[in-house]
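Results of the structural survey
Chain residues, written in single-letter form:
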Amino acid sequence: MPLVHSTASVPSARRDGLLAFAGLGAGLVVLGAASQAPPAVLAVSALLGLAVLGAVVRSTVGRRTEPYGPADRVTVARSVLVALCAALLPVGLTPVLSGQAQGPAGAWCWAVVALALPAWLLDGIDGRVARRTGTATRAGARFDQEVDAALLLVLALAVAARLGLPGAWWVLLIGALRYLFLLGLRARPAWRRPLPYSSYRRVVAGIQGGVLLGALVPLIPLPLAAAATAAALALLLVSFGRDVLWLERSARGLS
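These figures come from a predicted structure and were not determined experimentally.

**A word on the nonpolar core**
Among the nonpolar cores identified, the biggest contains 55 residues, and L53, W108, V112, L155, V171, L212 and L216 are the most heavily contacted of them. Broken down by secondary-structure element, the contributors of at least two residues to this core are α1 (13-34), α2 (39-61), α3 (70-97), α4 (106-121), α6 (138-163), α7 (172-187), α8 (199-216) and α9 (222-251). Residue contacts for L53: discarding those within four places in its chain leaves A20, F21, L24, S79, V80 and A83.

**Concerning a positive patch on the surface**
A cluster of basic side chains, namely R128, R131, R132 and R202, defines a positive patch on the protein surface. Considering each element in turn, the positive patch owes the most residues, three residues, to helix α5 (residues 123-133). Tracing the backbone shows R202 in helix α8. What makes R202 exposed here is its relative accessible area of 60%.

**Looking at the pattern of salt bridges**
Opposite charge on two side chains permits pairing when their charged atoms draw close. Within this structure, the stated rule accounts for eight salt bridges. A salt bridge links R78 to D148, with the shortest nitrogen-to-oxygen separation between them at 2.5 Å. Remark: D148 occurs in helix α6 and R78 occurs in helix α3; sequence separation between them is 70 residues. Measuring nitrogen to oxygen at the nearest pair gives 2.9 Å for the salt bridge that ties R201 to D243. Of this pair, R201 sits in helix α8 while D243 sits in helix α9, placing them 42 residues apart in sequence.

**Regarding the packing of α3 against α6**
Packing of α3 against α6 brings their axes to within 9 Å, and their N-to-C directions diverge by 20 degrees. Taken together, α3 and α6 sit at an angle that is classed as roughly parallel. Both α3 and α6 take part in a crossing whose hand is left-handed. Across from D72, T75, V76, R78, S79, V82, C85, A86, L89, L93 and V96 in α3, the residues of α6 making contact are G140, F143, D144, V147, D148, A150, L151, V154, L157, A158 and A161.

Reading the values: the criteria
Along each chain, the written sequence defines residue order, and numbers are assigned to residues from 1. Predicted model: local features are reported for residues with pLDDT of at least 70 only, side-chain atom pairs are reported and counted for 80 or more only, and whole-chain, interface and lining totals are derived from all residues. Where side-chain values are given, they derive from all heavy atoms of the structure, hydrogens and water being excluded. We call a set of buried Ala, Val, Leu, Ile, Met, Phe, Trp, Tyr and Cys residues a nonpolar core when their side-chain atoms join them within 4.5 Å. Any residue under 20% of the maximum accessible area for its type is buried, any over 50% is exposed, and the rest in between are partly exposed; the area is computed with a 1.4 Å probe on protein chains only. Numbering goes from the N terminus for both helices and strands, where a helix is a DSSP run of H or I of at least four residues and a strand is a run of E of at least two. Contacts between residues were defined by any pair of non-hydrogen atoms, one from each residue, lying within 4.5 Å. Surface patches are drawn from residues lacking salt bridges whose relative accessible area is over 30%; two like charges belong together within 9 Å, two nonpolar side chains (Val, Leu, Ile, Met, Phe, Trp, Tyr) within 5 Å. In these tables, accessible area is a Shrake-Rupley quantity obtained with a 1.4 Å probe, and a residue counts as shielded only by the protein chains included in the view. Counted as salt bridges are all cases of a side-chain nitrogen of Lys or Arg within 4 Å of a carboxyl oxygen of Asp or Glu. For the purpose of counting charges, residues Lys and Arg are taken to be positive, whereas Asp and Glu are taken to be negative. His and the chain ends are not included. Where a charge sits is defined by one atom per residue type, namely NZ (Lys), CZ (Arg), CG (Asp) or CD (Glu). Lines are fitted to the C-alpha atoms to define the axes, a helix being fitted only along its stretch in contact, and any angle between axes, read from their N-to-C directions, falls within 0 to 180 degrees. Every angle not falling under 35 degrees, over 145, or within 65 to 115 is termed oblique; those three ranges are roughly parallel, roughly antiparallel and roughly perpendicular. The sense of a crossing depends on the near helix, which, turned anticlockwise from the far helix by less than a right angle, makes the crossing left-handed and, turned clockwise, makes it right-handed.

Shown next, in the form of structure tokens:
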């Protein structure tokens, strides 16, 4: 896999991390000024956003074997948007979980969509940048996947709230499957082997974000949002099932 041609062209992970925290801080200030949520809820929002972004920055600054490249800078920018989406969750979920509202406010749904949409659309940009600059790395690919997974988990939580908790708990599976698979690796190390390329897997993965974003749009009727989300989950379960079956067959020498 090609690496950077010279360290002089590698952006500074620490500098980008500081800029990312500055951007998140500005977003949290706007959230605090625009929201009527109690201070305790806003404090939880800030801590959640900082935790998400902190994990991202730590993973880039702590690299030792592979360099931080220009494509990672795009992914860090996406992670700021994901962290802001995560910070919005307590504001929208608190009234729902406390029984004060049946679903989050329409303005809250629009705010999540406004932040998550560019994060989702930019998903293909970082890979293109890596290929064009010859800076593609395995660490960068994993970094991109983890930001994608975090975005799906945040969107799944938001959609579940809009469709009505606790009845819509099943939506959370869309965001949780990636993490359940990682837990499965501890019990089944054979799943660690690389999976073959699958166009079905790529298409299904791309569909999830688009469907969840659409299901959050207040203009979409709840029954339609629920049906589309259920269909997306079914496709995702088939994709994961196919991969697990291939890994098991491969581990037993059947493929």
